[in-house]
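Residue-level listing of the chains:
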Amino acid sequence: MYRNPIFLALDLPRIDAAEALARKVSAHVGGLKLGLEFFCAHGHHGVHEIAKLGLPIFLDLKLHDIPNTVAAAMQAIHVLEPAIVTVHAAGGRAMMEDAKAAAGEHCKVVAITVLTSLDAADLARTGIAGSPPDQALRLADLAHSAGLDGIVCSGHEVAAVHNQWKDGFFVVPGLRPAQAGATDQKRTVTPREARDAGASVLVIGRPISRAEDPVAAVRAIEATL
Ligand code: C5P
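Residues numbered from 1 in each chain as written. Predicted model: local features only at pLDDT ≥ 70, side-chain atom pairs only at ≥ 80, totals over all residues. Heavy atoms only, no water.

1. Points about the overall build of the protein
Move 1: Of the regular secondary structure elements, the protein holds 10 helices and eight strands.
Move 2: Computed over the C-alpha atoms, the radius of gyration of the protein is 17 Å, within 12% of the 17 Å expected from 2.2 N^0.38 for a compact globule of 225 residues.
Move 3: Projected onto its principal axes, the C-alpha coordinates of the protein cover approximately 45 × 40 × 30 Å.
Move 4: Residues counted as buried form 48% of the 225 residues belonging to the protein.
Move 5: Nonlocal contacts in the protein, meaning residues at least 24 apart in sequence, comprise 65% of its contacts between residues at least 6 apart.
Move 6: As presented, the protein carries roughly 11000 Å² of accessible surface, and 51% of it is formed by carbon and sulfur atoms. (Helix = DSSP H or I, 4+ residues; strand = E, 2+ residues; numbered from the N terminus. Rg over C-alpha atoms; globule rule 2.2 N^0.38 Å. Buried < 20%, exposed > 50% of the residue type's maximum accessible area, 1.4 Å probe, protein only. Contact = heavy atoms within 4.5 Å. Areas by Shrake-Rupley, 256 points an atom, 1.4 Å probe, with all protein chains shown as cover.)

2. Here we look at the site of the ligand
Move 1: The full set of residues close to the ligand is A9, D11, K33, T116, P173, G174, R176, V203, I204, G205, R206 and P207.
Move 2: With respect to the ligand, the side chain of R176 contributes an N or O atom lying 2.7 Å from an oxygen atom.
Move 3: G205 places a main-chain nitrogen or oxygen 2.8 Å from an oxygen atom of the ligand.
Move 4: In the complex, 74% of the free accessible area of the ligand, which totals 460 Å², lies under the protein chains.
Move 5: In this structure, the ligand is accommodated by the largest pocket.
Move 6: Counting residues per element, the ones that place at least two in the shell around the ligand are β8 (201–204) and α9 (206–209).
Move 7: Tallied by class, residues from the shell around the ligand come to five nonpolar, three polar and four charged. (Near = heavy atom within 4 Å. Polar contact = N/O pair within 3.5 Å; in protein donor to acceptor, adjacent residues only side chain to side chain. 1 Å grid on protein atoms, 1.4 Å probe; cavity = no way out; pocket = protein on both sides within 12 Å on 5 of 7 lines; lining within 4 Å. Sits in = over half its atoms within 2 Å of the grid points. Nonpolar A, V, L, I, M, F, W, Y, C, P; charged D, E, K, R; others polar.)

3. A word on helix α3 (residues 67–77)
Move 1: Considered for burial, the residues of α3 that qualify are V70, A71, M74 and I77. One side of α3 carries all its buried residues, which in axial view fall inside an arc of 130 degrees. Seen from the open side of α3, the exposed residues pointing more than 90 degrees away from its buried face are N68 and Q75. (Arc of directions from axis to C-beta.)

4. Digging into the layout of surface pockets
Move 1: What the largest pocket holds in volume is close to 1100 Å³.
Move 2: Every residue lining the largest pocket is counted, 40 residues in all, and those nearest its centre are T116, V152, S154, P173 and G174.
Move 3: Looking at side-chain class alone, the lining of the largest pocket contains 19 nonpolar, 11 polar and 10 charged residues.
Move 4: Its boundaries defined by the atoms lining it, the second largest pocket holds a volume of some 360 Å³.
Move 5: Lining of the second largest pocket is provided by 23 residues; of these, E81, P82, A83, H106 and C107 occupy positions nearest its centre.
Move 6: Elements supplying a minimum of two residues to the lining of the second largest pocket: α2 (36–51) and α3.
Move 7: When the residues that make up the lining of the second largest pocket are grouped by side-chain class, the tally is 14 nonpolar, four polar and five charged. (Points joined across faces, edges and corners; volume = space filled by probe spheres on them.)

5. Examining the nonpolar core
Move 1: In this structure, L10, L32, L59, M74, V87, M96 and I151 are the most contacted members of the largest nonpolar core, which totals 61 residues.
Move 2: Element by element, the count of residues in this core is highest for helix α1 (residues 15–25), at five residues.
Move 3: One finds Y2, F58, I112 and V203 within the second-largest nonpolar core, a separate group that totals 13 residues. (Core = buried A, V, L, I, M, F, W, Y, C linked by side-chain atoms within 4.5 Å.)

6. A few points about the packing of α1 against α2
Move 1: Between α1 and α2, whose axes approach to 10 Å, the crossing angle comes to 45 degrees. Between α1 and α2, the crossing angle belongs to the class labelled oblique. Between α1 and α2 the crossing geometry is right-handed. Within the contact between the two elements, α1 uses I15, A18 and E19 and α2 uses F38, H42, H45, G46, E49 and I50.
Move 2: A per-class count over the contact of α1 with α2 returns four nonpolar, three polar and two charged. (Axes fitted to C-alpha atoms, helices over the stretch in contact; angles between N-to-C directions. Parallel < 35°, antiparallel > 145°, perpendicular 65-115°, else oblique. Left-handed = near helix turned anticlockwise from the far one by under 90°.)

That's the geometry; what it means functionally is another story.
Below you can see the structure in the form of structure tokens.
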């Protein structure tokens, strides 16, 4: 469906810098991910500018509000024709159902389960007992039953989620190419490992955007898939 599963995370504050990077690597990525920071700074205009490159756009807005408001927000971004939009599964079943109903026919709606910035103690403080992986699987089930297309999950979880949701659409961020060398993370997953475990989309940002040669970096990743 996409040229390849790599979606470049354009987490750059300026539109011109984001556009220049995206243009450079455009022949080697399947799509472009724009996050909340970019959208709050540059809105529809910024998305239009990036969309001119002709690649599928993933709007990672992580919507979370009452069903009526989230559905209205989905309708408001419909004109941008995003290929993928994120909502928080914690918003509940009705919110996810209404978000999906309001999304265009060609827009995949995927759920955020548990943010990777939260650990068990953080969850406990919000009244949720149990581990983050347990909560993530529970919310993945809820997203599935609400009719969403899939979820966002880590490379460590994708095999388990794929096992219980065979035709799900799984977006995997937090990847580090094998050739990236030493990182601050102890257990990293490579793009190829995530793909083999069932990932539909591989979100990759800094390994490409901060590389000395972004084109060489993305081509090296592409060659491993
Ligand atoms: O780390 P990297 O720059 O490749 O991150 C790419 C994108 O993935 C970023 O937009 C970041 O917000 C997102 N991400 C995420 N969950 C993680 C790690 C990264 O949503 N655990």
